[in-house]
Amino acid sequence: MTLSILKENIKGIETEEEKLRIFCELHKIIDTYRGTTGAPIRILQKAQELCGYLPEPVLMLISKELNLSLSKLYSILTFYHFFTTVPKGKYVIQVCKGTACYVKGGQKILDTLKRDFNLEPGGITEDGKFSLDMVRCLGCCGLSPVIAVGNDVYRKVKPSQLKDILSKYK
Amino acid sequence: MITLTIDGEEVTVSEGTTILEAARRINIKIPHLCYMDGLVPHGACGICLVEVEGERNLTRSCVRPVQQGMKVYTSNAKIRNIRKMLLELLLSDHPTDCFTCDRSLNCELKELASNLGVKTIRFEKSRNQRRKDETSLAIIRNPEKCVLCGRCVRVCNDIQTVGALDFANRGAELIVTTGLKKGLGNSECVNCGQCIHVCPVAAITEKKSIDDVWKAISDPTKHVVVQEAPAVRVALGEALGLPPGTLVTGKMHAALKKLGFDTVFDTNFSADLTIMEEGSELVKRIKEGGALPLITSCCPGWVKFAEHFYPDLLQHISTCKSPQQMFGALAKTYFAERSGLNPANIVSVSVMPCTAKKFEAQRPEMCSSGYRDVDYVLTTREIASMIKEAGIDFENLPDEPAEKLMGYYSGAATIFGVTGGVMEAALRTAYKLITGYDLEDIDIEPVRGMRGIRTASVEANGMTIRVAVAHGLGNARKLLEEIRSGTSPYHFIEIMACPGGCVGGGGQPLGFDITLRNTRGRSLYKEDKNLPCRRSHQNPAIEKLYMEYLGEPLGEKSHHLLHTHYTPRNGAADLNEILEICSKPI
């Protein structure tokens, strides 16, 4: 196979055969929704399910098949918080910046993650283990400041505890 | 018809008219920013707010259709205050480097602030710093200055159907950007520069070469030659304060000499040369059965568009280089030999109405002379600013001719600068090549004018040559889809990327108004009419070039210096293959 698009990086998918399988899968998805209302959004949603995020070659294929410019597609996907063009980590850290958590030091947690782990909202650590999302409320303001790692919720977190918390995840 | 009252005055307009348009009929100019003639209204900025009696909220007059009996007020204390506040908010996010700004003398935002009487800005500057997009060889975007009016997005998507730019994110994070923020240079942008024309501020500008050219001029070891495209001579005067459409060929040549260019030539010469080559190519394809329709290749915006969106039709595009590149190749070969100069010491500069020419000159294949054929490309606006900088009294310059060797030109060459002109010029010569006689009715009216697509047919030796002309890439698509589906009845198609052709190129004095562009075009037709020689094949400088240097059109030397090839872009072919593989049942 000499197609340059198969050389493009898709995180978590190593071989070209595997990538080709993804593209064929994608093609089927696009065919299912082509011409229906809101097709681009539904296709983006399914594509993100398929790859965990929306990698560039996937977006290029969608753009080509729907005859929709890449900038238009980007416009759609950046409008919704749900979509992401960067891969998510093995564990997703959610830091709450809702009113209560913010007042109680949510920002300091974010600052520490940036300083000590080089992790910014929307970003991912180099080893791909953690990615960070900033959220507006996790629904337990009494426990603020709150963070969640994967499905685990941590209450009244101090920046100094972060190292210990994250070291639990392998 | 619908009758309404605006500021107490009754006006009757057709259904679907907006309040803003209706107000204009009775000479009420509602202030606006994101609205622009020729683009679909968007209602982004809110400056054109008006009050409709009985409605609680103000409404945006650029997107609000009129209704029977509507009573509209366009200026009262409440409206004026809100407009001012909206503008203050915009200004609070806008840099204040007006002195050194590209648009310091023609900024729509500044004018609006002045017109609306904004004297203070009550809001603190709040917007994050945003990085410039300098990925493109032709166009620079400065998002710091962007006011999010969306005009560039609309011209890029609706008029040019390129779609390199769009909005991304939302709310306070809203920006205009390219797909995946990869930058214009990595997008489908064809460098037509129409976005520069519609931008109200200096958020989009051309990538300048002024400093490089000054440096070359002041280097005594360099011999700097300059060529000027047809459309520059009907716009440079305008850029320097003369009425739009003023023809300034002689003054332009004189000014370039005064600026210090060593030899002043004229791109019109190589436009004639293009016709010789392209006309011969057309006749050859018709006689010997090559890919038809043949499509013109002078417009680098169109060429890149084809490489992105119609890679399957590249064999239809003439292999002729554009006049700029033909000239460049000859400047460092033919001219160098004739004048005994070392081509390594020649700096080849072009003055173009075009931003895409900057990209074209940098294409890797454009060095058939053994050197970069064209070193620097200046736009009409850039050369105007150099003339101002040098303190040249342009208006009172005496007319001077260009150097004959590569400066003499026919009327057919000068109309290259306007939509339909290349077609007309080509037909004048192709007719001669086919029949052996000169076309008697030399003014081919059906291909002139500003309609989006124009067609004509010419009888030659019992054969009907059918031709079509399109300007604006949205219009071009219609002709291209016909070719794709195998229903195109034409032999020859001219495509120019910019509405109006080169007279409306991305490097011209700013303005998106098609009437203004038409004025420039008419001026070119007038020059054509008044020239002693109006057919490319009768240009004595071209005859001399073939006799003494090139041999014959489509000959070996021509092939090497004057012809080129095209490349499918953006992995388009790749994606097609993937799609083919994916469509097969597994």
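Keep in mind that this is a model prediction, so the values were computed, not measured.

(A) Fine view of the overall build of chain B. Helices and strands together make up the secondary structure of chain B, namely 21 helices and 17 strands. Relative to its length of 586 residues, chain B is compact, with a C-alpha radius of gyration of 25 Å against a globular reference of 25 Å. Based on the C-alpha atoms only, the size of chain B along its principal axes is roughly 80 × 60 × 55 Å. Out of the 586 residues in chain B, the part that is buried amounts to 51%. Excluding contacts between residues fewer than 6 apart, the proportion of contacts in chain B whose partners are at least 24 apart in sequence is 74%.

(B) Structural view of the packing of helix α9 (residues 267–288) of chain B against helix α19 (residues 540–550) of chain B. All names here are of chain B. Orientation of α9 relative to α19, taken along the N-to-C sense of each, is 60 degrees, at an axis distance of 10 Å. Our classification of the angle between α9 and α19 gives oblique. Handedness of the crossing formed by α9 with α19: right-handed. Along the contact surface, α9 presents F269, D272, L273 and M276, while α19 presents A541, I542 and L545. Partitioned by chemical class, the residues of the contact of α9 with α19 number 6 nonpolar, no polar and 1 charged.

(C) Summary view of the pairing of strand β10 (residues 223–228) of chain B. All names here are of chain B. Among the 6 residues that make up β10, 6 are buried, leaving the element largely enclosed by the rest of the structure. On β10, burial covers both faces: H223, V225 and Q227 on one face and V224, V226 and E228 on the other are all buried. Pairing of β10 with strand β13 (residues 346–352), which is carried by 6 bridges, proceeds in the parallel orientation. Looking at the pairing, V226 lines up with V349 of β13.

(D) Up close: the confidence of the model for chain A. Taken as a whole, chain A shows an average pLDDT of 89; of its residues, 98% reach a score of 70 or greater. Mean pLDDT in chain A bottoms out at helix α1 (residues 16–33) of chain A, which sits at 89, and peaks at helix α4 (residues 70–79) of chain A, which reaches 96.

(E) Region of the structure containing the domain arrangement of chain B. As far as domains go, chain B holds domain 1 (2–91), domain 2 (128–206) and domain 3 (210–562). The straight-line distance from the C-alpha centre of domain 1 of chain B to that of domain 3 of chain B is 43 Å.

(F) Representation of α9 of chain B within the structure. Residues and elements named next belong to chain B. The terminal C-alpha atoms of α9 lie 31 Å apart, and with 22 residues this matches the ideal 32 Å at 1.5 Å per residue to within 8%. Among the 22 residues that make up α9, 17 are buried, leaving the element largely enclosed by the rest of the structure. Just downstream of α9 lies G289, where phi reads positive at about 80 degrees.

(G) Main features of the domain arrangement of chain A. Segmentation of chain A into domains returns domain 1 (4–79) and domain 2 (91–167). Computed over C-alpha atoms only, the centres of domain 1 of chain A and domain 2 of chain A are separated by 30 Å.

(H) Summary view of the environment of N115 of chain B. With respect to the secondary-structure elements, N115 of chain B resides in helix α3 (residues 108–115). Counting along the chain gives 442 residues from N115 of chain B to K557 of chain B, while the straight-line C-alpha distance between them is 60 Å.

(I) The arrangement of the confidence of the model for chain B in detail. Put simply, chain B has an average pLDDT of 96, and 98% of its residues get 70 or more. Both scores are available for the predicted complex, with the pTM at 0.93 and the ipTM at 0.91.

(J) Inspection of the interface of chain A and chain B at higher detail. Facing the 23 residues of chain A at the interface are 22 residues of chain B. Its residues placed into classes, the side of chain A that touches chain B shows 12 nonpolar, 7 polar and 4 charged.

Conventions adopted
- Within each chain, residues carry numbers counting from 1 in the order of the written sequence.
- Naming scheme: in the order in which they are written, chains are lettered from A and ligands are numbered from 1.
- Restriction of local features to residues with pLDDT of at least 70 applies here, the model being predicted, together with a cutoff of 80 or more for giving and counting side-chain atom pairs; totals for whole chains, interfaces and linings are based on all residues.
- In this description a helix means any DSSP run of H or I spanning at least four residues, a strand means any run of E spanning at least two, and both kinds are numbered starting from the N terminus.
- For a compact globule the rule gives 2.2 Å times the number of residues to the power 0.38, and the radius of gyration it is set against comes from C-alpha atoms.
- With C-beta atoms placed from the backbone, a residue counts as buried when 20 or more other C-beta atoms lie within 10 Å of its own, as exposed when 12 or fewer do, and as partly exposed for counts between those limits.
- For every residue pair, C-beta atoms are placed from the backbone, and the pair is scored as a contact if these atoms sit within 7 Å.
- Only the stretch in contact is used when a helix axis is fitted, and all axes are lines through C-alpha atoms; the angle between N-to-C directions ranges over 0 to 180 degrees.
- In this scheme, roughly parallel covers angles under 35 degrees and roughly antiparallel covers those over 145, while 65 to 115 is roughly perpendicular and the rest are oblique.
- Note on convention: the crossing is left-handed when the near helix lies turned anticlockwise from the far helix by less than a right angle, right-handed when the turn is clockwise.
- In this count, Pro and Cys sit with the nonpolar residues alongside Ala, Val, Leu, Ile, Met, Phe, Trp and Tyr, while Asp, Glu, Lys and Arg are called charged and the others, Gly among them, polar.
- In this description, strands pair whenever DSSP reports at least two bridges between them.
- On a scale of 0 to 100, pLDDT captures the predictor's confidence in every residue.
- Each domain's extent is set by a domain assignment, obtained either automatically or from a database.
- The length a helix should cover is 1.5 Å for every residue beyond the first.

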